[in-house]
Each structure stands twice: as C-alpha cells, then as structure tokens.
Amino acid sequence: MAKPSLADSRTRRSVQIFIVAGLCCFFYILGSWQQTGFGKGDGLALEITKKGVECDIVPRLNFDSHHGGEVSKIDGVDSKPKVFKPCKARYTDYTPCHDQKRAMTFSRDNMIYRERHCPREDEKLHCLIPAPKGYVTPFPWPKSRDYVPYANAPYKSLTVEKAIQNWIQYEGNVFRFPGGGTQFPQGADKYIDQIASVIPIENGTVRTALDTGCGVASLGAYLWSRNVIAMSFAPRDSHEAQVQFALERGVPAVIGVFGTIKLPYPSAAFDMAHCSRCLIPWGANGGIYMMEVDRVLRPGGYWVLSGPPIHWKVHYKAWQRPKEDLEEEQRKIEEVAKLLCWEKKTEAHEIAVWQKTVDTKTCRSRQEDDGVKFCESKDADDAWNKKMEACVTPNGKVHGDLKPFPQRLYAVPPKIASGSVPGISPETYQDDNKKWKKHVTAYKKINKLLDSGRYRNIMDMNAGLGSFAAAIQSPKLWVMNVVPTIADKHTLGVIYQRGLIGIYHDWCEAFSTYPRTYDLIHSNGLFSQYKDKCNIEDILLEMDRILRPEGAVIFRDEVDILIKVKKIVGGMRWDTKLVDHEDGPLVPEKILIAVKQYWVADTNTTSTQ
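Residues numbered from 1 in each chain as written. Predicted model: local features only at pLDDT ≥ 70, side-chain atom pairs only at ≥ 80, totals over all residues. Heavy atoms only, no water.

Burial of the side chains of strand 11 (residues 457-460) extends over both faces: N457 and M459 are buried on one face and I458 and D460 on the other. Relative to strand 12 (residues 478-484), strand 11 runs parallel, the two sharing four bridges. If you follow D460 over to strand 12, its bridge partner there is N481. Relative to strand 14 (residues 518-524), strand 11 is paired through three bridges, and the arrangement is parallel. (Buried < 20%, exposed > 50% of the residue type's maximum accessible area, 1.4 Å probe, protein only. Helix = DSSP H or I, 4+ residues; strand = E, 2+ residues; numbered from the N terminus. Pairing = 2+ DSSP bridges.)

Structure, rendered in structure tokens:
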C-alpha cells in the first residue's frame, strides 16, 4: 500500500486561491485533487489555471440575488467581521462537554464522571480549535475503514494495549484496522456471520443497530457492507480516541456512556442492540441498563451480548474470574430479561441473543401480575438529559410492520400512518420527501463533490423527518440526523423507522464528538429556530470545531439570518457564497455555502486561551 505523503503549504495556498476565485471552481479542483490521493497539488492547480476551467455549473441559480438586493449587498459589505483567533495547540482534540479535567471533579459512581458535563458560559472557549500539524484529508471510503492517517489521531496506546486483540496496528504514517475486537480477534466479519445465523441481518429486517461500548467501532464498520447502520458509542476514557478513530474511519459514532442519564435516542428506535465485552454491569442497579436497552429497542428487536458472563462454565478460567461471580452475574441478566419478556434465541461460543416480544399485550399483563414497576413518564421519547430509572417503559401499540430496508426509506412510517406525529399526515410526509429531493438536486449542482465520495460523515443539524438524509442516501456516505431538543415535533422516531440514524441534541451546548469529525454539515432553518435561545456565535464556533479542514457547510435559512451568519464566519477562516433559492430570487429563503480553509496548530500562537 502506498503511504500518504503530507501536502505542503504551497499546495494549500494554491487551493485557497481557487476558493477565493469561486467556490464552484474550488469544488471542482478539490474533487480532482481528492482523486489523486495525498500528493502535492501545485501542478494540478497550475494545469487548471492554464486550461481555464469552466465553472458556470449552476445556470438556474443567480449568485447576485434580486431579492431586495440583500445578497449583493452582503457580498460587498465594508464592515470588517470580528476575527476569531486560533486556540492554543493543546486544544486540538478539545471536546467541551467531555473535558477530562472537568470530568475528574465529578463522582465516579455509576460512571457519572464520564457523562456530559458542559462548560459554564464563562468557561467557553471563543477561539478556533486547530487541527494538529500534518493533518490530512482522510482516505475515501471504503479504504478509510482499514486505514487512518497517524497525524489525524496521533495516539498509539491502543496499539500496545490491544495488540493481541487485532484492534489496531501502527504502520509507518498510518494506523491499520484489521477488523478485530476483544471478542472477535479473528475479525468482525466472522463474528457477524455467527450473529447472522440467528438474526435476519441479510434481508433488510435488521437495519439500525446500537453498539454500546463500541471500541474503535469495527462491528459498525463491517455491518455497513451488509446494509446495517450502527450507532456506536463509547466513553472518552483512558484508552484515548476510540470514538475519534471510529469517525476517522468513516463509521457513525458519538462519545457516550451508560451512567445515570437516558440515552439520547427515542423509544423503539433500534432493530438490534449489541454489547461485546463492553464492561457494562447489566444485572446491577435493578437491571436499569437492560431496561434502557428495552426502551430503545423496537418490539421484535434483538439484543446481542458476548463475552463474560456468557457460557461462563466453559470460559471462566480464561477470563480469570470466579465461577460463582460469573454465575450470579448471568443469573441477574436472565432474571431481568425474563421480566422484560425477552426470549433467548441462542447461547453458544460466548454469544447470547435475546429477542424482544412483539406480543406487547400479553407481556404487559404478565408484568402487571409480577408487580413490575412501570415508568411514569407519558412520553417515552423524552430522553434528553433525563434520569434513568429502574422501571419498565410500557410498550406502545405497534401500528403496522416496518418494511425491510431499503423499502422503508420512503414507505410511510408507522408513526405517521397512525397519526402519532401531530400535524404530519402521509400526504405532508410525501410532500416533504419531494421538496428535499428537489433541494438536494440543487445542492449537487452547486457542489459537484456531494455524491463523489469526498464527503463520508455528514450531519444534518435540524433533520425534521429525515428527508434530506433520504434524498442524499448513498453507500458512499451516512448522515447523523440531529433533532434539536427545542423542535416543535418529536420526529426522531420517524427517522429511525425510515432506517436512518440520529440523536437528540441542544445546540446551545457542544456536540458529543471530537473535533474535525464531519466532512459536510447541513443546517436548515436552525438559526431561525435558535434565535434568542443562545448565542449564534457559539453555535458557529461549535460547527467550526466539528468540521474538517476543507469541509463544507450548507445553510438554508431566511436571508437576514444568513447575512448575520455570513458576517460572523467571515472572521472564522471560512470562504462563503450566498445564492438564491432554487425557485428564484423572489423566495426569501436563501442558501449560504461555505468551505473551511485548511490550517493547522501553531505552537507559537498568541491566543490567550
């Protein structure tokens, strides 16, 4: 395998000259440059200059809007924007709500210290998080599944600690991921084959999976080739960078932990949940963690547990654990599973699989007879920053079966067919799909790289019904659909029923991810929604933190909002262009496209933060 070389400053300057000359030209050049790998780009830029590339790729979009003159005015504004300085080099991997120093001030009971603890207003950084020196664009998928540039996440501790488990290997200036794991040193594919002998993974019945304590997310990486998308999570812990490695590989992941707070997902979201030696005490605290898995697992969904204590009679010596402890641990797990009406499908080779019942009526009757405590919350989807309780979430009525994927992507979701989402009918759902197909078609005319493989990790900051993600659906990319906690409607359940993934989040706080983990960010009406809720500057700085150098942003909002956004990001090393709505200049909604410039940490920076 050819080792990637690092692009020098002359290459970056040549690219940035083209950005200033016009973003459409930049997208063309960056697409060509990406295809050449990580070589030097000066020759390419010179060649394009000589040939005079034709960049009139958006004939229907007028870059000089006639809507009251706002677009042309803002492009020529004389007032200088506030300039944001770079943070010091030590902040290259800063994750505000999972800061190690702050975490250590909290209790270690029930993993409280590993949960989200966000900085106070006076503690927030108001500088730009730098990339580490030598940072390069990740390899395109599927090569990124197996190789990550060392400079992007320069942490070798896992290569030593997990050496015999085939997690990760260091080879020159790249990390290689052989696809192994603690429970599957022979590779994730063989491990998934074992699971697939019990669970219908291949036919589209299982589409969404939750991988708890995911490590470097090799399970999610290999499930992708089987058309299963996994939401993987792990805490920011002593191993360093597990979730960062996952996202560098192009695998969906967030920083998270089973502690005292509910998982930020709706009820009945996942077709499968998985734990491979994830060190979660499943039978402890009255079975509270299994009860939370039950909440987010759909009726008929599967729970896979591998490693201790499964099949402990055979493996206790290798695990160096007392038989009595393992036996008691498994007894508690079996007890809670029975209480939840989970049927055990198999237990073999350190793997056990349970299936959640679809007979919710009989289950409820049995639970009532057994004196089970039911959760009192009337909204099982109300999960953001809510305490977990040792109680069973009542299963709602199952309104129709989910179709196998990919049919479920555009089929009317049961939540909408049953009228469970106020104001959203099957007709308005279909209209939303049509609208976003049109919007995405327009985006692809503005940015030719959109479905080229250049953008793997995509985030939709205000996902609605998930129609943007559905319209852009491709084996080359995935979308993290974020439903803001202040949204008028709880639509994340609909998104999961479409076979997509997502998460709840409050954009007044930082997102649970490392810096530079998304290639493209889409923001539809977000700043209108958060107007007067929190500082627009803070949201934009968070977007800058999680966006890769040379990553792109698409804003869609009212023109006056976008004018404010454009001015702020003018001091953030972003290049922008404001364009008309695809239906013409008289539509007040506009599109702002942006590209984050390439720059890296300067150890001599004068920033005070």
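On to the sheet that holds strand 3 (residues 174-176). Strand order in this open sheet of three strands is 1-3-2, and the pairing throughout is antiparallel. Two strands bound the open sheet, and with one partner strand each, they are strand 1 (147-149) and strand 2 (169-171). Ignoring which end each strand starts from, the neighbouring axes of this sheet average 30° apart. (Axes fitted to C-alpha atoms, helices over the stretch in contact; angles between N-to-C directions.)

Attention shifts here to the pattern of salt bridges. This model, assessed by the stated rule, comprises 35 salt bridges. Between E509 and R116 there is a salt bridge, with the nearest N and O atoms lying 2.6 Å from each other. Here R116 lies in the loop between helix 5 (100-103) and helix 6 (143-146) and E509 lies in the loop between strand 13 (501-505) and strand 14, a separation of 393 residues in the sequence. Take E509: its relative accessible area is 29%, and that puts it in the partly exposed class. Of the charged contacts in the structure, one is a salt bridge between R321 and E329, with a shortest N-O distance of 2.7 Å. In this structure R321 comes out as partly exposed when scored by relative accessible area, which is 29%. (Salt bridge = Lys/Arg side-chain N within 4 Å of Asp/Glu carboxyl O.)

By the definition in use, this model includes six disulfides. Disulfide pairing is shown between C275 and C278; the S-S distance is 2.1 Å. Classification of the bridge connecting C275 and C278 rests on its S-S torsion, roughly -100°, and on that basis the disulfide is left-handed. In this structure, C275 and C278 share a single accessibility class: buried. (Disulfide = S-S within 2.5 Å.)

So, about the nonpolar core. Counting 134 residues, the largest nonpolar core has Y265, W282, W303, M543 and F555 as the members making the most contacts within it. When residues of this core are assigned to their parent elements, the largest contribution, six residues, is made by helix 11 (residues 288-296). For M543, the residues in contact, after removing those within four places along its chain, are M461, I521, F527, V553, F555 and W574. Counting nine residues, the second largest nonpolar core, distinct from the first, contains W167, F177, V216 and F245. (Core = buried A, V, L, I, M, F, W, Y, C linked by side-chain atoms within 4.5 Å. Contact = heavy atoms within 4.5 Å.)

This paragraph deals with helix 8 (residues 188-196). Turning to helix 8, its buried residues are A188, Y191, I192 and I195. The arc that holds every buried residue of helix 8, seen down its axis, measures 100°, which confines them to one face. On its buried face, helix 8 is in contact with helix 9 (218-223), strand 7 (270-276), strand 8 (297-306) and strand 10 (351-356). (Arc of directions from axis to C-beta.)

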